[in-house]
Amino acid sequence: MSRTVMGYWDCPVCGSKGIAGNVMNCPSCGRARGDVQFYMKDGAENSTREENERGDIEYLNEEQAKEIGKNPDWYCSFCNSLNKDHAAFCTNCGASRESSESNYFDQLNKRKAAEAAEKAAQPQPQAQQVKKKSRLPLLLIILAVIVGLVVYMNGSNTQGDLRVTGVNWSRSIPIEQNIEYTESDWSIPAGGTEVSHRQEIQRYDQVLDHYEDYEVQKSRQVLDHYETYYTYSDNGNGSFTEVPHERAVYRTEYYTETESRPVYVPVPRYATKYTYTIWRWTRTREATAAGNDHDAYWPETNLAADERETTPRAEKYTFTVVDEKDARRTWRATEEDWRKINEGDRMTITTQRGSGESWIVDEKGNHLIRVYSN
Ligand SMILES: [Zn+2]
Ligand SMILES: [Zn+2]
């Protein structure tokens, strides 16, 4: 059931505020109600209010509501004053309603459109010009770093005036022995001889045993009650129409539900496990030889009946140098190159920063012998 509510307006000429909607002329300056915007106390047009937010609303009684009507006021084309819907002639100048070309809402929309157009016509604030920063300095820095790095990596670390204090070599041959092992497994590998076997647990399988019930907490939204709220529309004649609406209010309801889940039990699976003996060649020792001369040789292996040589053989050829500060360092070389190096030799060794390669060089820096960190 809709009800009619009193609207209010402000006089645009003398500034009087809160003039009741059923008053047609400003009580202060007498100006006929013209271009005005109707409003409700403590709220805008078309607003929504809750049940308890309507304390200051002034309702019109049935007689007042009938008098004011629901249709917008019409505009007098001659004197621009507003007239009640039921008035056949302008109460201000007596002109006929027939000649009226617009009503309250037409005028309101026209006014709003004009305001919007005026706002749109105003010049927009200029977007601030962002100064484009040149990227050139950064590029130059990156380029300089790259050039610097290339130069550095092409450089080398040279140690000159080195003196060879000794040469060393070592050689070794790995040896394995045939040993009998006792092992156990689910099968006997090739070459194995069974000693015994028995049933053992190999694994557990999860087997469905039964289902068990358990309770689950759940929630759902249920309708609690309905509540009323109100919307208001401008009648365009100094009054508003209040329309009640209903909306559902829900609450959360908690409940438990019984569900069931499977329960599994581990069941052992048996298999035959074998104990067996097996001969395996096993690396047990190595024969080594070493010396501080150029007479490198392979060591005697002195193999027992259950032994044999295996691979890989190892060999290493080194020489030690001291610099002018008596700092000692050992280098490695291939056997062929190492044989050219003798105790008392003087040399310069260069290490490239980029590749990490080290070379014995002549006085012009030409690579003579490749050497390696020991
Ligand atoms: Zn006034
Ligand atoms: Zn008139």
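In short, a report on the structure. (Residues numbered from 1 in each chain as written. Chains lettered and ligands numbered in written order. Predicted model: local features only at pLDDT ≥ 70, side-chain atom pairs only at ≥ 80, totals over all residues. Heavy atoms only, no water.)

Quick notes on the packing of aromatic side chains
Think of a pair of aromatic rings as described by two things: how far the centres are apart, and how the planes are tilted against each other in angle. What counts here: Pairing of aromatic rings covers Phe, Tyr and Trp, the last counted by its six-membered ring, and requires centre-to-centre distances within 6.5 Å; plane angles under 30 degrees mean stacked, over 60 mean edge-to-face, and any other angle means tilted. Comment: elements are numbered from the N terminus, with helices defined as DSSP H or I runs of at least four residues and strands as E runs of at least two. Either the NZ atom of lysine or the CZ atom of arginine qualifies as a charge over a ring when it sits within 6 Å of the ring centre and within 35 degrees of the ring normal.
Under the criterion given, the structure shown has five aromatic pairs. Here Trp169 and Tyr297 contribute two aromatic rings whose centre-to-centre distance is 5.1 Å and whose plane-to-plane angle is 70°, an arrangement assigned as edge-to-face. Of this pair, Trp169 sits in strand S7 (residues 156–185) while Tyr297 sits in the loop between strand S9 (239–291) and strand S10 (307–309), and the two are 128 residues apart along the sequence. An aromatic cluster of at least three residues, connected via ring pairs, comprises Phe38, Tyr104 and Phe105. Positioned over the ring face of Tyr230 is Arg54, at 3.8 Å from the centre of the ring.

As for the side chain of Lys84
Note the cut-off: Between N or O atoms, a polar contact is any pair within 3.5 Å; within protein, one atom must be a potential hydrogen donor and the other a potential acceptor, and residues adjacent in sequence are included only when both atoms are from side chains. Only heavy atoms matter for contacts: two residues are in contact if any of them lie within 4.5 Å across the pair.
Along the polypeptide, Lys84 turns up in the loop between strand S6 (82–83) and helix H2 (104–121). A polar contact of 3.4 Å, which involves the side chain of Lys84, links it to the backbone oxygen of Asn237. If sequence neighbours within four positions are ignored, Lys84 has contacts with Gly21, Met24, Arg33, Ile68, Asp73, Trp74 and Asn237.

A short note on the pairing of strand S13 (residues 346–352)
Successive residues of a regular strand alternate their side chains across the two faces of the sheet. As a reminder, the rule being used: Strand pairing is assigned whenever DSSP detects at least two bridges linking the two strands.
In this sheet, S13 lies alongside S7 in antiparallel orientation, the contact comprising six bridges. Counted as the bridge partner of Leu162 is Met347 from S13. With four bridges joining them, S13 and strand S14 (residues 358–361) adopt antiparallel strand pairing. Considered in S14, the bridge of Thr348 is made with Val361. Taking the residues that link successive antiparallel strands as the turn, the S13-S14 hairpin has five residues, and the phi of Gly356 there is positive, at about 80°.

Some points on the coordination of the zinc ion (ligand 1)
Octahedral metal centres with six donors ideally show angles of 90 or 180 degrees, and tetrahedral centres with four donors ideally show 109.5 degrees. Where we set the bar: The donor definition counts N, O and S atoms within 2.8 Å of each metal and applies 3.2 Å to Na, K and Ca; water is not among these atoms, so some sites may look incomplete. Metal sites are grouped by the angles between bound donors: all angles between 85 and 135 degrees with four donors is tetrahedral, opposite donors over 155 degrees apart with the others between 65 and 115 is square planar for four donors and octahedral for six, and any other pattern is irregular.
Ligation of the zinc ion (ligand 1) by protein atoms is provided by Cys11 (SG), Cys14 (SG), Cys26 (SG) and Cys29 (SG), these donors lying 2.2 to 2.4 Å from the ion. Each of the four donor atoms bound to the zinc ion (ligand 1) contributes to angles spanning 102 to 118°, and the resulting shape is tetrahedral. One chain supplies every donor to the zinc ion (ligand 1), and in sequence these donors are spaced C-x2-C-x11-C-x2-C. Placement of the pair is Cys11 in the loop between strand S2 (8–9) and strand S3 (19–20) and Cys26 in the loop between S3 and strand S4 (48–50), with a sequence separation of 15 residues.

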